Amino acid sequence: MSTRTDAPTRREQILREAARLFAERGFHGVGVDEIGAAVGISGPGLYRHFAGKEAMLAELLVGISERLLSGGRIRVAETPDDPEALLASLIDGHIDFALDDRPLITLHDRELDRLRESDRKLVRQLQRQYAELWVTAVRELHPEVPEADARAAVHAVFGLLNSTPHLGSRGSLPPGSRTRTETLLRRLAHGAFASLTP
């Protein structure tokens with residue numbers, strides 16, 4: 001849900017390329033020199049920005065969890081008395097993430113266990129807080145739905161939206177399909193939550 005329009009910093013460029021390469025070839029399949037080459041600097045030059053690959057991985061996975069939670073909290077603050085609009089906004093925000101940051105989804109699925117325990121716990125904590133924003137919105141919209149069902153539905157929708165890495169090869173969607181995919185994901189997510197009530 002980033003709204004920045006200025007050019008990415010060198011650090012952001014490194015992280016973006018590291019995410020892409022790690023997602024394509026695995027954490028251990030990518031060397032520092034390759035990441036450096038992807039952004040036009042020497043491998044050792046990366047150490048001016050990061051202590052190593054492990055630090056890049058931690059910043060990527062902790063960073064995206066922080067971004068999702070922060071974005072979710074902003075959406076909650078923007079729609080305090082309209083649970084339907086809030087849920088729609090949360091869905092739209094997560095769809096943007098799922099379409100724009102597909103390598104990070106792959107990275108999370110494959111490499112989360114490579115983080116230091118403290119970083120892994122932080123990622124899980126941030127994710128739980130983010131999910132609770134959704135559960136609260138679902139229960140406000142459907143107060144008759146048991147909390148366990150609302151939580152199960154939220155995680156099912158996350159699974160649905162986070163399936164985007166499987167939609168195309170090598171990190172790109174089929175040409176011209178962004179709007180169509182976005183519309184389909186939105187319809188499926190809303191349908192899943194609507195099915196909570198008979």
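S.K.: Looking at this structure, how should I read the overall build of the chain?
M.R.: In terms of regular secondary structure, the chain is built from eight helices and zero strands. When the helices and strands of the chain are listed from N to C terminus, the series reads α-α-α-α-α-α-α-α. Computed over the C-alpha atoms, the radius of gyration of the chain is 18 Å, within 12% of the 16 Å expected from 2.2 N^0.38 for a compact globule of 198 residues. On the principal axes, the C-alpha backbone points of the chain span a range of 60 × 40 × 30 Å. By the burial criterion, 42% of the 198 residues in the chain qualify as buried. Taking all contacts inside the chain whose residues are at least 6 apart in sequence as the whole, residues at least 24 apart take part in 72%. Of the roughly 10,600 Å² that the chain leaves accessible, carbon and sulfur atoms contribute 53%. On the chain, the mean spot of the 26 positive side-chain charges and the mean spot of the 28 negative ones are 6 Å from each other.

S.K.: Even after reading the chapter, I still don't get the confidence of the model for the chain, so can you show me in this structure?
M.R.: Interpretation of the predicted coordinates at a detailed level should be avoided for regions scoring low in pLDDT. Of all residues in the chain, 92% attain a pLDDT of 70 or more, and the chain-wide mean is 91. Residue range residues 1-5 is modelled with pLDDT below 50. Its contacts to residues more than four positions away, or to other chains, number five contacts.

S.K.: In this structure, what is going on with helix α5 (residues 102-111)? I would like to understand it.
M.R.: Owing to its 3.6 residues per turn, the α-helix aligns residues three or four sequence positions apart on the same side. In terms of residue burial, α5 counts as a mostly covered element, since seven of its 10 residues are buried. Of the positions making up α5, those classed as buried are R102, L104, I105, T106, L107, H108 and E111. Next to the buried residues of α5 lie α1 (10-25), α3 (53-78), α4 (83-100) and α6 (117-141).

S.K.: I'm lost on the nonpolar core in this one. Help?
M.R.: It is characteristic of soluble globular proteins that their nonpolar side chains tend to be buried jointly. Formed by 55 residues in total, the largest nonpolar core has its most connected members in F22, I35, M56, W134 and F193. For this core, the secondary-structure elements that each account for two or more residues are α1, α2 (32-39), α3, α4, α5, α6, α7 (147-161) and α8 (178-194).

S.K.: How should I be thinking about the pattern of salt bridges in this particular structure?
M.R.: A side chain of one charge can pair with a side chain of the opposite charge when the charged atoms of the two come close. Counted by the stated rule, this structure contains 16 salt bridges. A salt bridge links R178 to D96, with the nearest nitrogen and oxygen atoms 3.3 Å apart. One end of the pair, R178, is in helix α8; the other, D96, is in helix α4, and 82 residues separate them in sequence. The class of R178 is partly exposed, set by a relative accessible area of 28%. By relative accessible area, which is 24% here, D96 ends up partly exposed. Here the salt bridges share partners, and the residues they tie into one network are D92, D96, D100, R178, E182 and R186.

Criteria and thresholds
- Residues numbered from 1 in each chain as written.
- Predicted model: local features only at pLDDT ≥ 70, side-chain atom pairs only at ≥ 80, totals over all residues.
- Heavy atoms only, no water.
- Helix = DSSP H or I, 4+ residues; strand = E, 2+ residues; numbered from the N terminus.
- Rg over C-alpha atoms; globule rule 2.2 N^0.38 Å.
- Buried < 20%, exposed > 50% of the residue type's maximum accessible area, 1.4 Å probe, protein only.
- Contact = heavy atoms within 4.5 Å.
- Areas by Shrake-Rupley, 256 points an atom, 1.4 Å probe, with all protein chains shown as cover.
- Lys, Arg positive; Asp, Glu negative; His and termini not counted.
- Charge placed at Lys NZ, Arg CZ, Asp CG, Glu CD.
- pLDDT = per-residue confidence, 0-100.
- Core = buried A, V, L, I, M, F, W, Y, C linked by side-chain atoms within 4.5 Å.
- Salt bridge = Lys/Arg side-chain N within 4 Å of Asp/Glu carboxyl O.

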